[in-house]
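# Descriptive analysis of the structure
Residues per chain, in single letters:
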Amino acid sequence: MANKKFLHLLFPTLAATLLGLTVSLAASSQSGRPARPVTRAATEVASTPPAPSGASGASKADVAADWPPPVKPTPPTACAGRLTGSHATYDVGPGQRFTELTDVPWLDLQAGDVVNVHYRSEPYRTKFGLRAQGTANAPVIINGVTSETCLRPVISGDKAVTARDARMAQFGKVIEDAGIILIYKLPTDDRETYTPRHIVIQNLKLTGAKIGNRFVNMAGDEQTYSRFSAAIYAVRVHDLTVENCEITGNGLGVFTNTKGDTPQEYSANVIIRRNLLYQNGNLGSYTEHNLYVQARRALYEGNFIGQAFGGSSLKDRSSGTVIRYNKILASARALDLVETEEEQFKVLQQDPLYPYAWVYGNLIINDSSAPIGFAVNVIHWGFDNSIERGRNGVLFFYHNTLVSRVAQKAFWYVVPFQIGRDGLAPPGATVEAASNVFWQQSDNEWRFLSQAGTLKFVGTNHVPPNWYPSKPGSAADVQTKGARMMAGQDPKLDTNGLPLAGSPVLNQPDAGPSFTPPGAIAENLRVEHQYKTGVGIVPRPPSGKPGRTALGAMAGP
C-alpha cells in the first residue's frame with residue numbers, strides 16, 4: 001500500500017444519497033478441535049492442516065500464541081477524566097497551561113507522557129505530528145477529557161493550523177495534506193528503522209480532514225486536503241490503539257500503512273476499540289473508507305462502524321485480522337478483507353496468521369434504504385488486486401447476525417460472501433461459517449457465495465427459507481455436509497439483534513472454528529461477550545444448557 005495516493009479496484013455501490021445520520025455510543029475513557037464449540041474451547045492449539053503458502057518463512061518466535069489479546073469490556077461510565085503521565089503531563093484547554101494544541105511539544109513526547117485535551121465548546125483547530133516511542137508499560141497517551149455530560153473535545157482539520165513544532169522541523173512535509181494527526185518521523189530520524197510505537201489516542205472527536213476543506217500549511221499558506229486524507233494517518237506505527245473516539249467527516253477515518261520497501265517498513269498491532277466511525281470517505285470514489293488498515297495483526301472490537309461515502313465500511317489488508325463485537329452498517333461493502341500491498345519485503349505475508357481472519361459476535365446490517373447505498377457483495381475475502389498475494393486460508397465467521405434488507409427493485413440478488421474477484425480465488429481461500437443468523441428481510445434472491453472459493457458451513461446456521469449456493473454455473477463451492485441449515489423467514493430478533501421469547505435461534509448446539517492455527521490463542525477467540533447498542537462490549541448471557549447457545553451475535557439482554 002503506497003504512501004502516496006493510489007487506486008484499488010473496488011466494486012460499485014448502488015445509490016449514494018446523503019441524508020442525516022444520528023448515532024450515539026456511551027463509552028468510557030479508560031485506558032480445536034472440530035467438535036468443540038469455540039465458546040467453551042480449550043486453550044491448547046489444535047492440530048492444523050498444512051500451512052498455506054503465505055505462512056512460509058516464519059521463525060519460532062513468530063508462531064508463539066500471542067494473538068489476539070483478551071477482550072476489553074466497556075467500563076460503566078461514559079465520561080473521561082484527566083490522566084497523569086508517569087513521565088510528564090501536558091494539559092490543554094480553558095484555564096490550562098496551554099490554551100491551544102499548537103504549542104504542545106508533540107514531537108518531543110516521551111514514554112509515559114500524557115497530553116490531556118480538555119473539552120471546550122469550540123473545536124480545536126490544529127494539525128499535529130507524532131513520532132513518540134512509548135513502551136508497553138508507559139505508552140504515550142493523547143487523552144480527551146470530556147464535559148460533565150460526556151461530550152468529547154473536538155479536533156477539526158477544517159481551517160486548522162499546523163502545530164508550531166511541526167512547522168519548525170518540517171515534520172511530514174510530503175504528507176501534510178494527508179490528515180489531522182500524522183504519525184511519521186523527523187527528517188533526522190533513521191529512514192529505514194525509526195518507528196513510532198505504543199501510542200494511544202482516546203476520547204476525542206476527529207473531523208474535517210477532507211477534500212474541499214482547507215488548512216494552514218508549514219509555509220503559512222492555505223492548502224486543501226487531498227482526497228486520500230485521514231483523521232489519523234500513520235506511515236508506520238507499532239502498537240497503536242484508537243479508543244472511544246468519534247471519527248466522522250474525513251476522507252478516511254484511520255489509515256495505517258505497510259509499504260514493505262525496507263525490512264522495517266510495516267505497521268503492527270493496531271487496535272481500534274469502542275469508537276464511533278461513520279460518514280468518512282468521498283462520494284464517487286471507492287478508494288477511501290471509514291477504516292483502512294494494513295498491519296501485522298489488527299483488532300477491531302466494540303465499535304459502531306457506520307456507512308462510508310463511496311468506499312467500504314471497513315477495509316483491512318492485515319495479517320491475523322480479528323473483528324469482534326461490532327455493529328456494522330454496510331456501504332459498498334461491510335467488510336473488505338484482502339491482500340497486503342507490501343512491495344520488496346513481505347513481513348505481513350510471512351506472518352503465520354496472514355492467511356487467517358476471525359469475524360465473530362458482530363451485528364451486520366445491509367439496507368438498500370440506508371442513506372449512503374448498500375452492498376451487493378457484503379463481505380469480501382481473499383484479494384482484490386493481486387491473487388499471488390491473496391489471503392489463501394480461512395476466514396472464520398461465527399456467531400454473527402447478518403441482516404439484509406435489499407429490496408429486489410434496488411438489486412435483484414444479494415451475496416453475503418465474495419471470495420476473490422472476477423471468478424478467481426486464491427487456492428485454499430475459504431469462509432467457514434458456524435452458529436450464525438442470516439436474516440433476509442427482503443424479496444430479492446439470496447446467493448451465499450459469489451463465483452469462486454469455498455464456503456463451508458459448520459454446526460447450525462439460521463438461513464433464509466429460499467437460498468442459492470452461488471451463481472448458476474460458477475466455480476464456487478458451497479459445502480453443507482454435516483451442517484444443519486435451519487431455514488426460516490423470521491428468527492424473531494428485536495431491532496438490536498436480541499432474541500425474543502420463543503426465538504428458534506435459542507438453545508441450539510454450539511459450534512465455532514474447526515481448528516486454531518499456530519500463533520493464535522483459542523481462549524481469546526471464545527464467544528463470551530456481545531455488542532450492546534449505545535454501550536459497547538458487555539458479557540454475553542450464558543446458556544442454561546451445556547453445549548447449547550443462541551445462534552448469532554446476541555444471546556439476550
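Small disclaimer: the values here were computed from a predicted structure and weren't measured. (Residues numbered from 1 in each chain as written. Predicted model: local features only at pLDDT ≥ 70, side-chain atom pairs only at ≥ 80, totals over all residues. Heavy atoms only, no water.)

## Remarks on the overall build of the protein
Here is the rule: For helices the rule is a DSSP run of H or I covering at least 4 residues; for strands it is a run of E covering at least 2, with both sets numbered from the N terminus onward. We call a residue buried when its accessible area falls under 20% of the maximum for its residue type, exposed when it is over 50%, and partly exposed in between, using a 1.4 Å probe and counting protein chains only. Shrake-Rupley sampling with a 1.4 Å probe provides the accessible areas, and residues are treated as covered by the protein chains on show and by no other component.
Scanning the protein from terminus to terminus reveals one helix and 41 strands. Per-residue burial for the protein yields a buried fraction of 64% across its 557 residues. Total accessible area on the protein is roughly 19,600 Å²; 52% of this is exposed by carbon and sulfur atoms.

## Description of the pairing of strand S29 (residues 401-405)
Formally: Strand pairing follows a simple DSSP-based rule, namely that at least 2 bridges must link the two strands.
Counting buried positions over the five residues of S29 gives four, a clear majority of the element. Strand direction decides the pairing type here: strand S26 (residues 363-367) and S29, joined by five bridges, are parallel. Bridged to isoleucine 365 within S29 is valine 403. Of the pairings in the sheet, the one linking S29 to strand S32 (residues 437-440) comprises four bridges and is parallel in character. Of the residues in S32, the one forming a bridge with valine 403 is tryptophan 439.

## A few points about unusual backbone geometry
For the peptide bond that leads from tryptophan 67 to proline 68, omega is 0°, which places it in the cis range. Inspection of the secondary structure assignment puts proline 68 in the segment before strand S1 (89-92). Positive phi, normally seen in glycine, also occurs at glutamine 170, with a value near 55°. Looking at the secondary structure, you find glutamine 170 in the loop between helix H1 (164-169) and strand S7 (179-183). Of note, asparagine 203 is a non-glycine position whose phi angle comes to about 65°, a positive value.

## Focus: the state of the cysteines
In protein chemistry, a disulfide is the covalent bond that joins the sulfur atoms of two cysteines. Worth spelling out the cut-off: Any cysteine sulfur atom paired with another within 2.5 Å is treated as part of a disulfide.
Within this structure, the stated rule accounts for one disulfide. The residue that forms a disulfide with cysteine 79 is cysteine 150, at a sulfur-sulfur distance of 2.2 Å. Taking the sign of the torsion about the S-S bond as the criterion, the disulfide between cysteine 79 and cysteine 150, at about -85°, is left-handed. Pair noted here: cysteine 79 is in the segment before S1 and cysteine 150 is in the loop between strand S4 (140-145) and strand S5 (154-156), with a separation of 71 residues, a long-range link.

## Some words on the side chain of histidine 462
The condition that has to hold: Pairs of residues are marked as contacts when any of their non-hydrogen atoms sit within 4.5 Å.
Assignment of secondary structure puts histidine 462 in strand S35 (residues 460-463). Residue class for histidine 462 comes out buried when judged on its relative accessible area of 1%. Setting aside its immediate chain neighbours within four residues, histidine 462 contacts Asn436, Val437, Phe438, Met486, Gly488, Asp490, Pro491, Val505 and Leu551.

## So, the environment of threonine 549
Operational definition: Any pair of nitrogen or oxygen atoms within 3.5 Å is treated as a polar contact; in protein, a donor-acceptor pairing is required on top of that, and neighbouring residues in sequence qualify only through side-chain atoms on both sides.
If you trace the backbone, threonine 549 turns up in strand S41 (residues 548-549). Overall, threonine 549 belongs to the buried group, its relative accessible area being 7%. Taking C-alpha positions, threonine 549 is 6.3 Å from leucine 506, a pair spaced 43 residues apart along the chain. Excluding anything up to four places from it in sequence, threonine 549 contacts His399, Val505, Leu506, Asn507, Gln508, Asp510, Arg540 and Ser543. Looking at threonine 549, its side chain comes within polar contact range of the side chain of arginine 540, at 3.2 Å.

## Examining the pattern of salt bridges
We count it as follows: Any carboxyl oxygen of Asp or Glu within 4 Å of a side-chain nitrogen of Lys or Arg constitutes a salt bridge here.
Applying the stated criterion to the full structure yields 31 salt bridges. Between glutamate 222 and arginine 214 there is a salt bridge, and its shortest N-O distance comes to 2.9 Å. Shared partners join several salt bridges into a network, and the residues in it are Lys315, Arg317, Arg333, Asp336, Glu339, Glu341 and Asp384.

## Some remarks on the nonpolar core
Note on soluble globular proteins: their nonpolar side chains tend to be buried together. Here is the rule: The criterion is simple. A nonpolar core is a set of buried Ala, Val, Leu, Ile, Met, Phe, Trp, Tyr and Cys residues joined through side-chain atoms within 4.5 Å.
With 80 residues, the main nonpolar core has Trp106, Leu130 and Ile201 as its most contacted residues. Grouped together as the second largest cluster of nonpolar side chains are 21 residues, Trp67, Tyr325, Tyr360 and Val458 included.

## Notes on the packing of aromatic side chains
In this description, a pair of aromatic rings is defined by centroid distance and the angle of the planes. Applicable threshold: Each Phe, Tyr or Trp ring (for Trp, its six-membered ring) is paired with any other whose centre lies within 6.5 Å, and the angle between the two planes then decides the class: stacked below 30 degrees, edge-to-face above 60, tilted in between.
For the structure shown, the criterion picks out 26 aromatic pairs. Between phenylalanine 228 and phenylalanine 255, the aromatic rings sit 5.0 Å apart at their centres with planes inclined by 85°, giving edge-to-face as the arrangement. Taken together, the positions of phenylalanine 228 in the loop between strand S11 (222-224) and strand S12 (230-234) and phenylalanine 255 in strand S15 (residues 252-256) put the pair 27 residues apart, joining distant regions of the chain. Centroid distance phenylalanine 397 to phenylalanine 438: 6.2 Å. Interplanar angle 15°. Geometry classified as stacked. Of this pair, phenylalanine 397 sits in strand S28 (residues 394-398) while phenylalanine 438 sits in strand S32, and the two are 41 residues apart along the sequence. Residue classification places phenylalanine 397 among the buried positions, given a relative accessible area of 0%. Cluster of aromatic residues (ring-pair linked, three or more members): Phe397, Phe417, Phe438, Trp446, Phe448, Phe457 and Trp467.

Honestly, it's all geometry; don't read function into it.
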